[in-house]
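Chains, contacts and geometry: an overview
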Amino acid sequence: MKIRYLTAGFTLLMLLVIFLFIRQINTGEEPVVDMVYYNRELKQIDEAIKSGMEREDVEAHFDCSLLFLTDTDWKGRVNDAVTEGEIILDYENDGQIVGKIIWNRENRMYLKWKRQTLGKAVLLSLLILIAGDLLLLFLYCAYIRPFQKLEAFSAEIAKGNMDLPLPMQRYNFFGAFTESFDLMREELKKAREKELQANRSKKELVAELSHDIKTPVAAIKAACEVLEVTETSEDTARKIQIIAAKAETIEKLVNNLFHATLEELEMLKTEPCEESSLLIPQMFENMKGYGDIYHGMEIIQENEIPSCLLIMDKLRLEQVVDNLISNACKYAGTSVHVNYQDIGEGITIRVRDAGEGVLEEELSMVTEKFYRGSNTKGTSGAGLGLYLAKCFMEQMKGGIECYNDHGFVVTLFLRKV
């Protein structure tokens, strides 16, 4: 039974008892008695006797005793009444005293005692009602409510809500028990966070490695294409074709793995720190190997980069540069021009090819996950390069902008320290 139902039932029962006591008090109330009352009673008694009512009936009806002078013991009974302090009035007939009327006080004393006793019973019932409700309230606060909180707490834990603390009160009898539950919640939360972090780290590693593998695989495929054209030995050409086919298989497997892993990741982790801007030109120099593969494509750095400290993650920026050069090679097939500019709060790196660019209506979507433009048909890719570049640049507190200007242009922004 719920404690509130028990409290309500107990309260209603006690109120019913009090109501019955009060009703008894009102029904047994003693009439107001004074000489006017007794004179009125005397007149009514006289009328009853004259109407022929029997003596016993008159005494029973008016709760009195009739004594006539003709009674042998009337003097003794009058003396006894005087001794008892009862009310005595003369009864006259035709102006002559013919007897006495005595009202017995015992009934009135009983009614008074009854009324006082019932009043005390009402008071006692009220005290029992208050004490009982207070006791039930104490039992609820001290024992039942803590368990209700534990029940609600357990339900939230079962739902996976590990951030809801279990409050502990100073005078809680189950303080140690409650504290143990809260410690269990904290340990479960830590274990869950460690598990999530471990899974996330594993997925990040797989996604990162998968994407990094794509670049050398693309280089292998490009080299195989060049060798297939220039090689004259039939046996060597067949082996080159086998290498190209296996590289194609590897690329498909890596794309599938990367796609499945990245769907569960919000973004890969970066660790930006203070680095010299002079590291950036070297990243583009390292990419010049693409020129030998893609028919003499050049990477031209038009000016020197301003020397300063930038907020960047060297590894992630290398991946961004690799994505941009790789895209230019696959989709434009032209030389790439790189331009650096100091804009006060940071450095911009403008990377432009001389290809056909991207359709204007597609420019706003080229950095979205898995999106590939209409100019990518027939070219392998997962639509993740610019998406990852955007994620990396934003986590380095920088930015990226894509637009057309006599070719496809990507401008990177890195913030100064």
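Look up a bit, the structure's there.
Report on the accompanying structure.

Cut-off values and rules
Residues numbered from 1 in each chain as written. Predicted model: local features only at pLDDT ≥ 70, side-chain atom pairs only at ≥ 80, totals over all residues. Heavy atoms only, no water. Helix = DSSP H or I, 4+ residues; strand = E, 2+ residues; numbered from the N terminus. Buried < 20%, exposed > 50% of the residue type's maximum accessible area, 1.4 Å probe, protein only. Contact = heavy atoms within 4.5 Å. Areas by Shrake-Rupley, 256 points an atom, 1.4 Å probe, with all protein chains shown as cover. Pairing = 2+ DSSP bridges. Axes fitted to C-alpha atoms, helices over the stretch in contact; angles between N-to-C directions. Phe/Tyr/Trp six-rings, centres within 6.5 Å; stacked < 30°, edge-to-face > 60°. Salt bridge = Lys/Arg side-chain N within 4 Å of Asp/Glu carboxyl O. Polar contact = N/O pair within 3.5 Å; in protein donor to acceptor, adjacent residues only side chain to side chain. Expected span 1.5 Å × (residues − 1). Core = buried A, V, L, I, M, F, W, Y, C linked by side-chain atoms within 4.5 Å.

A count of helical and extended segments in the protein gives 11 helices and 10 strands. Taken over 417 residues, the protein has a buried fraction of 35%. Taking as baseline every contact in the protein between residues at least 6 positions apart, the subset at least 24 positions apart corresponds to 67%. For the protein, the accessible area works out to roughly 25,300 Å², and carbon and sulfur atoms hold 56% of it.

Attention shifts here to helix H11 (residues 385-395). With respect to burial, H11 is a largely interior element, nine of its 11 residues being buried. The complete set of buried residues in H11 reads Gly-385, Leu-386, Tyr-387, Leu-388, Ala-389, Cys-391, Phe-392, Met-393 and Gln-395. Where H11 ends, the next residue or the one after it, Lys-397, has phi of about 65 degrees, a positive value.

Taking strand neighbours across the sheet as the criterion, the five strands line up as E5-E7-E8-E10-E9 in an open arrangement whose pairing is mixed. For this open sheet the edge positions go to strand E5 (299-301) and strand E9 (399-404), each flanked by a neighbour on one side alone. Each neighbouring strand pair of the sheet contributes to a mean axis angle of 20 degrees, computed without reference to strand direction. Sheet analysis places E5 next to strand E7 (residues 336-342), joined by three bridges and oriented parallel. The residue bridging Ile-300 from the neighbouring strand is His-337, located in E7. This element, helix H10 (residues 314-332), spans E5, E7, strand E8 (346-352) and strand E10 (408-415) of the sheet and lies at about 170 degrees to E10.

Our next topic: the packing of aromatic side chains. Tallied over the entire structure, the rule returns one aromatic pair. Note on Phe-68 and Tyr-91: the rings are 6.2 Å apart at their centroids and 75 degrees apart in plane angle, and the pair reads as edge-to-face. Pair noted here: Phe-68 is in strand E1 (residues 64-68) and Tyr-91 is in strand E2 (residues 87-93), with a separation of 23 residues, a long-range link. Assessed through its relative accessible area of 5%, Tyr-91 is described here as buried.

With that settled, consider the pattern of salt bridges. Two side chains bearing opposite charge may form a pair once their charged atoms approach each other closely. Scanning all chains against the criterion turns up six salt bridges. A salt bridge links Asp-46 to Lys-50; the shortest N-O distance between them is 3.3 Å. Residue Asp-46 and its partner Lys-50 are both found in helix H2 (residues 35-50); the two are separated by four residues, about one turn of the helix. Residue Lys-50 is classed as exposed on the basis of its relative accessible area of 56%. Among the ionic pairs, Glu-59 bridges to Arg-55, the shortest N-O distance being 3.8 Å.

Here we come to the side chain of Thr-411. Assignment of secondary structure puts Thr-411 in strand E10. Separated by 3.2 Å, the side chains of Thr-411 and Tyr-403 make a polar contact. With sequence-adjacent residues up to four places away left out, Thr-411 is seen in contact with Thr-348, Ile-349, Arg-350, Gly-399, Ile-400, Glu-401 and Tyr-403.

On to H2, then. Over its 16 residues, H2 runs 22 Å from end to end, which matches the ideal 22 Å to within 8%, given 1.5 Å per residue. Taken together, the buried positions of H2 are Tyr-37, Tyr-38, Glu-41, Leu-42, Ile-45, Asp-46 and Ala-48. Within two residues after H2, Gly-52 carries a phi angle of roughly 100 degrees, on the positive side.

Another aspect to go through is the pairing of E2. Pairing analysis gives seven bridges linking E2 to strand E3 (residues 96-103), with the strands arranged antiparallel. Looking at the pairing, Ile-88 lines up with Ile-102 of E3. Between E2 and E3, which follow one another and run antiparallel, lie two residues, and Asp-94 among them has a positive phi close to 60 degrees.

Judged by nonpolar contacts, the single largest core of 40 residues is most densely connected at Ile-280, Phe-284, Leu-317, Ile-325 and Ile-349. Taken together, the elements giving at least two residues each to this core come down to helix H8 (279-286), strand E6 (309-312), H10, E7, E8, H11 and E10. Tyr-38, Leu-42, Val-58 and Leu-66 belong to the second-largest nonpolar core, a separate cluster that totals 13 residues.

Of note, the phi angle at Lys-397 is positive, near 65 degrees, even though the residue is not glycine. Mapped onto the secondary structure, Lys-397 falls in the loop between H11 and E9. The phi dihedral of His-406 falls on the positive side, at around 55 degrees, and the residue is not glycine. Position of His-406 among the secondary structure elements: in the loop between E9 and E10. On the accessibility criterion, His-406 (69% relative accessible area) is exposed.

With that out of the way, let us pick up the sheet that holds E3. Whether parallel or antiparallel, the strands of a sheet pair through hydrogen bonds between backbone atoms. Ordered in space as E1-E3-E2, the three strands form an open sheet in which the pairing is antiparallel. Two strands lie at the open edges of the sheet, namely E1 and E2, each paired on one side alone. Each strand of the sheet is rotated relative to its neighbour by a mean of 30 degrees, with strand direction disregarded. Looking at chain direction, E1 and E3 are connected through five bridges and run antiparallel. Across the sheet, residue Leu-66 finds its bridge partner in E3, namely Ile-101.

Here Leu-310 shows up in strand E6. For the pair formed by Leu-310 and Glu-345, sequence separation is 35 residues and the distance between their alpha carbons is 10.0 Å. Contacts of Leu-310, omitting those with residues within four sequence positions, involve Cys-273, Glu-274, Glu-275, Ser-277, Ile-280, Ile-347, Leu-414, Arg-415, Lys-416 and Val-417.

Looking at the secondary structure, you find Ile-101 in strand E3. Taking relative accessible area as the criterion, Ile-101 reaches 0% and is therefore assigned buried. Separated by 56 residues in the primary sequence, Ile-101 and Ile-45 place their C-alpha atoms 9.1 Å from one another.

None of the figures reported here should be taken as evidence of function without further support.
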